[in-house]
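# Report on the structure
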Amino acid sequence: MALKAGIVGLPNVGKSTMFNAITKKEILIANYPFATIEPNIGVVEVPDKRLKFLNELYEPKSLIPTTFEFTDIAGLVKGASKGEGLGNKFLSHIRSVDAICEVVRCFDNKNITHVEGMPNPVRDIEIINTELIIADLEIVENRLNKIVKKAETTKDKEALFEVATLTKVKESLEKSIPLRLIELTSEEKLVLKNFSLITLKPLIYVANVDEESLVNNGNNYTKELFDYAKKEDTQVIMMCAKMESELAELDDEEKKVFLKDVGVANSGLDQLILASYKILNLETFFTVGKDEVRAWTFTKGMNAKKCAGIIHTDFEKGFIKAEVMSYTDLFQYKDEKKVKENGRLRLEGKDYLMQDGDICLFRFNVSK
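The rules behind these values
Residues numbered from 1 in each chain as written. Predicted model: local features only at pLDDT ≥ 70, side-chain atom pairs only at ≥ 80, totals over all residues. Heavy atoms only, no water. Helix = DSSP H or I, 4+ residues; strand = E, 2+ residues; numbered from the N terminus. Contact = heavy atoms within 4.5 Å. Areas by Shrake-Rupley, 256 points an atom, 1.4 Å probe, with all protein chains shown as cover. Buried < 20%, exposed > 50% of the residue type's maximum accessible area, 1.4 Å probe, protein only. Pairing = 2+ DSSP bridges. pLDDT = per-residue confidence, 0-100. Axes fitted to C-alpha atoms, helices over the stretch in contact; angles between N-to-C directions. Parallel < 35°, antiparallel > 145°, perpendicular 65-115°, else oblique. Left-handed = near helix turned anticlockwise from the far one by under 90°. Nonpolar A, V, L, I, M, F, W, Y, C, P; charged D, E, K, R; others polar. Disulfide = S-S within 2.5 Å.

## Some thoughts on the overall build of the protein
Each helix and strand counted, the protein has 15 helices and twelve strands in total. Nonlocal contacts in the protein, meaning residues at least 24 apart in sequence, comprise 69% of its contacts between residues at least 6 apart. Surface exposure of the protein reaches about 19,400 Å², of which carbon and sulfur atoms provide 50%.

If you want it as structure tokens, here you go:
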């Protein structure tokens, strides 16, 4: 299951530069709004240090990491929810992603035009948030207009519950509160699932800074952004799009040297992927062997049978058992036989909840 994250923000905040860097794809970068109209999609490998050990241990014919899909969505402006700047088209692209990475410009550069005149992180965030809230509010109100009379007339329990849920979220949106910040029951979330509401999606702020600010752990702009994000318990990743562009041209060893020289522990891309995994409750299991070592992404809380289905529907349909050992145990003993000898290899049934780092062999049988 590939994770899909949409990169959004005002025009000229560095979205496309960042997208180019992290996906190594050449797309149009221009110093004017709406240089990007159709969404650009790039698939990148998810870095996982555990794969290096597994690759060295099994020496497989192929090594396949799990992937992460980025969608670069054109810049939003004031009035996007009403169609300004082709806004309705852009908003429809955002509805199709799993998470939102909102890029906020946190640097000065007189040669790069800012659509609002000059950078102001809080103002810029609130412009984007307002447009997304208005777009969601329109969907909720339209649905309520269609269902309220029917629910009141028929007294149908499901219809009444839907009205109650939509009324609840409508009140929050009218107060300019994104839906990801309000408490919802699992039943309420199920009702809202079909509407693809944008403000319900998990979000990460990406502070795009210059190199000096990255090395010095921020600037006045990033302080404003961190203070704002703290109030809504939203994570901030600080990234320099220009530096990421330079890193994109280097191999893994050169990247390590580069990052060490500038005093940065991890690339912005690595931080962004880890943060996205966290907010989407994603984890990784592995399948290993001489033919292939592969990483698979699953949602925390999935059982063994469902995870088997990620590999192939037949695995889920004919699931019998899963042979499971943890990466930690294999790393400690350096050999599958020793893992088994020490009682660390387990047979798990369909209801076993998969754990991050599990290494699995699925036993299945599909009758003809």
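That shown, we press on.
## Re the pairing of strand β7 (residues 236-239)
The alternating pattern of β7 places Val236 and Met238 on one face and Ile237 and Met239 on the opposite face, and all of these are buried. Bridging between strand β6 (residues 203-208) and β7 involves four bridges; their strand directions are parallel. Among the inter-strand pairings, valine 206 is bridged to a residue of β7, identified as isoleucine 237.

## Looking at the confidence of the model for the protein
Of the residues in the protein, 89% reach a pLDDT of 70 or more, and the chain-wide mean stands at 87. In the predicted structure, residues 26-38 sits below a pLDDT of 50 and forms 37 contacts with residues beyond four places in sequence or in another chain.

## Description of the packing of helix α4 (residues 121-154) against helix α5 (residues 157-174)
Between α4 and α5, the shortest axis-to-axis distance is 9 Å and the interhelical angle comes to 150°. Judged by the angle between their axes, α4 and α5 are roughly antiparallel. In the packing of α4 onto α5, the handedness of the crossing is left-handed. Mapping the contact onto sequence places Ile133, Asp136, Leu137, Val140, Glu141, Arg143, Leu144, Ile147, Val148, Ala151 and Glu152 in α4 and Ala159, Leu160, Glu162, Val163, Leu166, Thr167, Val169, Lys170, Leu173 and Glu174 in α5. Looking at the contact of α4 with α5 residue by residue, the classes come out as 13 nonpolar, one polar and seven charged.

## Considerations on the environment of tyrosine 205
Structurally, the position occupied by tyrosine 205 is in strand β6. In sequence terms tyrosine 205 and threonine 234 are 29 residues apart; their C-alpha atoms lie 7.4 Å from each other.

## Some remarks on the state of the cysteines
Evaluation of the coordinates by the stated rule reveals zero disulfides. Left unpaired, cysteine 307 is separated from the closest cysteine sulfur, that of cysteine 360, by 7.4 Å. Cysteine 307 sits in the buried class, given a relative accessible area of 0%. Residue cysteine 360 is classed as buried on the basis of its relative accessible area, which comes to 6%.

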